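Notes for the structure review
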Amino acid sequence: MKIIEETPYRYRIEQEGAMRVPGIVYATKSLLPDERNDMALTQVANVATLPGIVRASFAMPDIHWGYGFPIGGVAATDVDDGGVVSPGGVGFDISCGVRLLVARDLARERLEPSLRAVMDHLDHAIPRGVGTKGVWRVRDRATLEGVLSGGAQYAVQQGHGVPEDLQRCEDGGVLAGADVAAVSGRAIERGLDQVGSLGSGNHFLEIQAVDRVYDAAVATGMGLTEGAVCVMIHTGSRGLGHQICTDHVRQMEAAMARYGITVPDRQLACAPVESPEGQAYLGAMAAAANYGRANRQLLTEAARRVFEAHTATTLDVLYDVSHNLAKIEQHPVDGETRTLCVHRKGATRSLPPHHPDLPADLAEVGQPVLIPGTMGTASYVLVGVGDNPAFFSTAHGAGRLQSRHAAARGTNADVVRRDLEHRGILVRGSSRRGIAEEKPEAYKDIDEVIEASDRAGLARKVVRLIPLGVVKG
DNA sequence: ATGTGC
């Protein structure tokens with residue numbers, strides 16, 4: 001594999017062999033994975049062989065090894081030119097994403113005396129851990145179908161939130177095209193009682209405060225002045241999305257030969273977007289996306305109740321955006337507008353100012369891009385910029401440096417918790433193993449990832465947030 | 001990520 005440094009923030013993997021386009025990795029020298037013993041760059045090259053891929057196989061500065069596609073990968077295929085959709089390009093946690101809430105008129109100093117109490121109440125109010133039930137125990141199939149078709153919009157219609165919440169959600173809180181018939185009975189079964197739950201791993205709900213402001217005009221417009229208190233929610237579609245990914249990978253593995261598609265890694269199983277298998281996956285994926293959005297809406301309500309009871313203020317939605325999704329979008333390719341299937345896996349959509357999919361009140365500033373760090377480090381809000389070649393995509397987090405196993409081997413939950421509390425960060429975990437696996441040192445430096453994203457021209461920094469309390473999945 | 005693994 002030949003890698004060329006194009007700029008200090010962009011590397012090109014030369015097109016060779018079965019690759020249909022080059023690979024483009026946005027990273028600094030220190031963030032770039034080691035090409036000899038890291039699988040992630042090989043995955044970027046593998047993705048470049050997919051039928052219909054256009055422009056390049058992209059990777060964001062938080063790139064690391066994933067299932068088939070790298071995490072931090074972006075690939076767009078031309079729908080009208082045999083372009084494929086691949087479940088591995090979305091990942092197992094379909095529509096995993098981030099929602100940021102801003103506490104109305106609550107500065108950090110005013111929260112601090114009651115922070116411990118608020119965290120104890122969140123500890124009770126936020127269900128989390130593997131296999132847990134959510135705050136909304138959906139008992140009947142009709143209600144779950146409402147969630148799968150209507151997402152956060154349906155949740156609000158059912159009384160879980162206010163209409164203003166939806167204006168600040170990607171796609172108004174509901175992704176069109178959900179096909180409940182493409183969701184297996186097993187996936188439905190797993191989804192029934194998990195709406196409004198965090199899950200595990202890197203999922204969390206954090207109380208944060210604005211620590212640094214980079215663009216005062218944009219930040220003020222978003223209510224993000226220095227010291228402002230926020231709540232960040234990071235979760236996805238739980239067991240339902242996982243089951244849908246499993247089901248459709250299996251179906252596509254069986255179908256690929258029929259379409260004459262060969263891929264260098266069986267984890268890149270795919271089918272043409274315009275095939276029954278491609279359409280079934282996209283329909284089920286949209287259903288999982290809506291489940292993920294309803295999930296974040298229910299957790300918003302749970303956190304809101306705690307803040308309203310214990311801080312005498314409420315929480316407003318700043319934005320909700322997914323970083324694991326494939327979407328049908330229009331983009332120019334070689335001077336012509338084409339319909340593309342844009343896979344973002346561990347990559348945040350980042351629309352520039354005046355993009356037609358933005359709500360009117362964000363038209364001037366662009367889409368808020370929400371990027372969490374680790375439980376001990378900063379998170380960021382950025383905004384989309386106009387000349388992003390990666391189909392308006394940015395990093396999604398710090399990116400793992402160590403495997404879960406390696407991270408847990410070097411420490412334990414008590415050590416990690418003590419380290420964090422020493423720095424004034426309260427932790428409410430769900431499993432000791434999970435706390436150890438999620439230690440901040442297991443990840444890349446989020447400040448460096450954000451700096452690289454900003455300098456590479458993928459998005460622009462607005463504010464830096466630091467954690468005050470972490471409710472960990 | 002996941003009722004964590006054939």
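Residues numbered from 1 in each chain as written. Chains lettered and ligands numbered in written order. Predicted model: local features only at pLDDT ≥ 70, side-chain atom pairs only at ≥ 80, totals over all residues. Heavy atoms only, no water.

- By the naming in an unreviewed UniProt entry, chain A is tRNA-splicing ligase RtcB, taken from Mycolicibacterium agri.
- Its UniProt record gives chain A the following Subunit (unreviewed entry) comment, quoted word for word: "Monomer."
- A UniProt comment under Sequence similarities (unreviewed entry) is attached to chain A, and it reads "Belongs to the RtcB family." (UniProt positions renumbered as here; feature names shortened; annotations may be inferred.)

1. Section: the protein's contact with DNA strand B
- If you check the shell around DNA strand B, you find 16 residues, and the closest are Val 130, Arg 190, Ser 200, Gly 201 and Asn 202.
- Taking all atoms of DNA strand B within 4 Å of the protein, the share assigned to sugar and phosphate is 56%.
- At 2.8 Å from a phosphate oxygen of DNA strand B is found a side-chain nitrogen or oxygen belonging to Ser 200.
- For DNA strand B, a base oxygen lies 3.2 Å from a polar atom in the side chain of His 242.
- Looking at the surface near DNA strand B, the elements with two or more residues in it are helix H6 (185-191) and helix H8 (238-255).
- Broken down by element, the residue count for the surface near DNA strand B peaks at three residues, all from H8.
- Residue classes in the surface near DNA strand B are distributed as two nonpolar, nine polar and five charged. (Near = heavy atom within 4 Å. Polar contact = N/O pair within 3.5 Å; in protein donor to acceptor, adjacent residues only side chain to side chain. Helix = DSSP H or I, 4+ residues; strand = E, 2+ residues; numbered from the N terminus. Nonpolar A, V, L, I, M, F, W, Y, C, P; charged D, E, K, R; others polar.)

2. Observations regarding the state of the cysteines
- Under the defined criterion, the tally for this structure stands at zero disulfides.
- Take Cys 169: it sits in no disulfide, and the sulfur closest to it among the cysteines is that of Cys 96, at 15 Å.
- Judged by its relative accessible area of 5%, Cys 169 is buried.
- With no disulfide partner, Cys 341 has as its closest neighbouring cysteine sulfur the one in Cys 270, 11 Å distant. (Disulfide = S-S within 2.5 Å. Buried < 20%, exposed > 50% of the residue type's maximum accessible area, 1.4 Å probe, protein only.)

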